[in-house]
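# Examining the three-dimensional arrangement
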Amino acid sequence: MAQVKRVVVKIGSSSLTGDGGALEKSAIRRLVREVIALRERGLQVAIVSSGAVAAGMGRLGMAERPRSVAKLQALAAVGQNLLVHTYETAFAQHDVPVGQVLLSEADILEERRHYENLRNTFRQLFDFGAVPVINENDSVAVVELKRSIGENDMLAAYVANMIQAELLVILSDVEGIYRRYRNGNGDDLISEVKADAEKLDAVVGRKKGRMGHGGMETKIRAARLLMACGEMTVIAHAGKHRLTKILEGQELGTLFAPASKRMGSRKRWIGFASPPKGSVVVDDGAVRAIQQMGCSLLPAGVIGAQGLFRAGDVVRVEDGGQTEVARGLSRYDSEEIGQIKGLSSQEVEKILGKRASEVIHRDDLVLL
C-alpha cells in the first residue's frame, strides 16, 4: 500500500442513499473528506459513483426502482445533475475542482482511439488537480452498458485498468467477502484473496442492494480483472472502513492481491479493453507453450479459427474445450488461419507465398 500513487474509489448506490431513496449528502461529504486526506498524502484519486438513478428517484419521490428502460434513463438524467452537483459542492469547500466523466461503451470497449483519448483526458484532469467523478452514461445507454460492462463495479475496474491505478477500492454496504452466509448475513470474513485461490462462487452472496443493480459477483469479477493486470482491489464497507486506514495497510475488508507483475498499457488494452473479433482454437501443446513457457503462438499449434477477423484484430485464444486461455493480436486473418492451421513455417510460406510469422507474437499475447 505504501507504493500506491493512484487510486480509483467506487461507491455504490446503497451507500449513498437513505431509506427513502433520496441522496444522502452526508455520505458524499464523508467520502470527499477521505479523498481529500488521500490527496494531501500525494495520491491521485478518481471516483466512480453510482447513485444517479437513485438520486432521480429521491428527487421525484419514487420509492421503488422501475423496470422500464425509458424510466431508468429519465431518472438518470434527473439524478446525474444532482449527484455531480453534490460532489462539486463538497469538493469546493476544500478548493478542489471536479471533472465529470460520463462513459459509453465505445469509450471503454471498442475504439482504441477513444480509449487513448479518454486516458489522456484523465491524465490532464490529474495534472489540473481535479478529481474525476465517473459514471455510466445511463441517460442514453442503459441497455448498451448493462450488456457490455455490466455494473459500475466493472466500470471502475476498466477505468482503473485504463489509468493504471495501483488500487481499486469498492465501497459497499458489506464489509467484504465472507466464507459462508447464515440467514442472509455474512460469517467469517475473508481478509485476502490470492491469484491461486479456490473459486469463490460458493461464497458469493446473491443478495443485491436496495438501490443498486449489482451484487458481490460483479465485485469479484472486477477484482479478478485487476489481479490479472497486476493491481490490487479492496472490497470494504463505505460507512465502517476509512480509505486512509486501508492505504495505511490495515486489514480492512477483503484484499485481492495481484496475480503477476504490473502489465503495460498496451497489453491492458489487448486483454481487457478491446472486444475480440473472433477466436483461434489451439491444441494442448500450444496451451502449455504459451502458459508455462511464455512462447508465441505458432501455426503448428492451431486447430482452427472461429468468426471473421482481419490481421491486427484482437482474438480469443481457446483450448479444445472452448475455454479462453489468452487474448492477443492476430497476424493473420481468419481465412488465412484456416489455410495454415497445424502447418510448419516452411509449409506456411509455400501456401501463402510470403514469409511465415507467429499467429500471435508473445509481445501481443495476454494470458487470462
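Presented here is a report on the structure given in the accompanying data block.

The rules we used
- Residues numbered from 1 in each chain as written.
- Predicted model: local features only at pLDDT ≥ 70, side-chain atom pairs only at ≥ 80, totals over all residues.
- Heavy atoms only, no water.
- Helix = DSSP H or I, 4+ residues; strand = E, 2+ residues; numbered from the N terminus.
- Buried < 20%, exposed > 50% of the residue type's maximum accessible area, 1.4 Å probe, protein only.
- Contact = heavy atoms within 4.5 Å.
- Core = buried A, V, L, I, M, F, W, Y, C linked by side-chain atoms within 4.5 Å.
- Axes fitted to C-alpha atoms, helices over the stretch in contact; angles between N-to-C directions.
- Parallel < 35°, antiparallel > 145°, perpendicular 65-115°, else oblique.
- Left-handed = near helix turned anticlockwise from the far one by under 90°.
- Pairing = 2+ DSSP bridges.
- Expected span 1.5 Å × (residues − 1).
- Polar contact = N/O pair within 3.5 Å; in protein donor to acceptor, adjacent residues only side chain to side chain.
- Nonpolar A, V, L, I, M, F, W, Y, C, P; charged D, E, K, R; others polar.

### Observations concerning the overall build of the protein
Helix and strand counts for the protein come out as 13 helices and 15 strands. Residues classed as buried in the protein amount to 52% of the 368 residues present. Put simply, 72% of the contacts in the protein that link residues at least 6 apart link residues at least 24 apart.

### Some thoughts on the nonpolar core
With 46 residues, the main nonpolar core has V8 and I134 as its most contacted residues. Breaking this core down by element, the ones donating at least two residues are β2 (44-49), β3 (98-103), α5 (112-127), α7 (152-163), β5 (167-172), α8 (216-229) and α10 (265-272). Not counting residues up to four positions away in its chain, the partners in contact with I134 are A46, I47, V48, S49, V101, L103, F122, L155 and V159. Grouped together as the second largest cluster of nonpolar side chains are 36 residues, L38, V96, V98 and A238 included.

### Details of unusual backbone geometry
Even without glycine at this site, D95 takes up a positive phi of about 60 degrees. Positionally, D95 belongs in the loop between α3 (69-92) and β3. Residues other than glycine seldom take positive phi values, yet Q322 does so here, at roughly 65 degrees. Structurally, the position occupied by Q322 is in the loop between β13 (314-318) and β14 (324-329).

### Observations regarding the packing of α5 against α10
In the contact formed by α5 and α10, the axes pass within 12 Å of each other and the chain directions differ by 130 degrees. Judged on the interaxial angle alone, α10 and α5 are oblique. Our pair here, α5 against α10, has a crossing hand that is right-handed. Where α5 abuts α10, its residues R112, Y115 and R119 lie against S265, R266 and W269.

### Some details on the sheet that holds strand β15 (residues 365-367)
The 5 strands are arranged β12-β11-β13-β14-β15 in an open sheet whose pairing can be described as mixed. Each edge of the sheet is formed by a strand with only one pairing partner; in this case those strands are β12 (302-306) and β15. With direction set aside, neighbouring strand axes in the sheet form an average angle of 25 degrees. Across the sheet, α10 lies against β13, β14 and β15, angled at about 120 degrees from β14, the strand it touches most.

### Overview of the sheet that holds β3
Spatially, the 8 strands line up as an open sheet ordered β3-β4-β2-β1-β5-β9-β10-β8, and their pairing is mixed. Either end of the sheet is taken by a strand with one partner, and the two such strands are β3 and β8 (192-193). Contacting β1 (6-11), β2, β3 and β4 (131-136), α3 crosses the sheet at an angle of about 155 degrees to β3.

### Let's talk about α5
Under the 1.5 Å per step criterion, the end-to-end length of α5 is 23 Å for 16 residues, consistent within 8% with the ideal 22 Å. Turning to α5, its buried residues are Y115, E116, L118, R119, F122, L125 and F126.

### Topic: the side chain of S14
Relative to the helices and strands, S14 is located in the loop between β1 and α1 (25-40). S14 gets classed as buried once you look at its relative accessible area, which sits at 17%. Among the polar contacts made by the side chain of S14, one reaches the side chain of D173 at a distance of 3.3 Å.

### What to know about the packing of α1 against α3
Following both chains from N to C, one finds α1 and α3 inclined at 50 degrees, their axes separated by 9 Å at the closest point. Here α1 lies oblique to α3, going by the angle between them. Read as a crossing pair, α1 and α3 show a hand that is right-handed. Residues K25, I28, R29, L31, V32, V35 and I36 of α1 lie in contact with α3, whose contacting residues are L83, T86, Y87, A90 and F91. Within the contact of α1 with α3, the residues separate by chemical class into 9 nonpolar, 1 polar and 2 charged.

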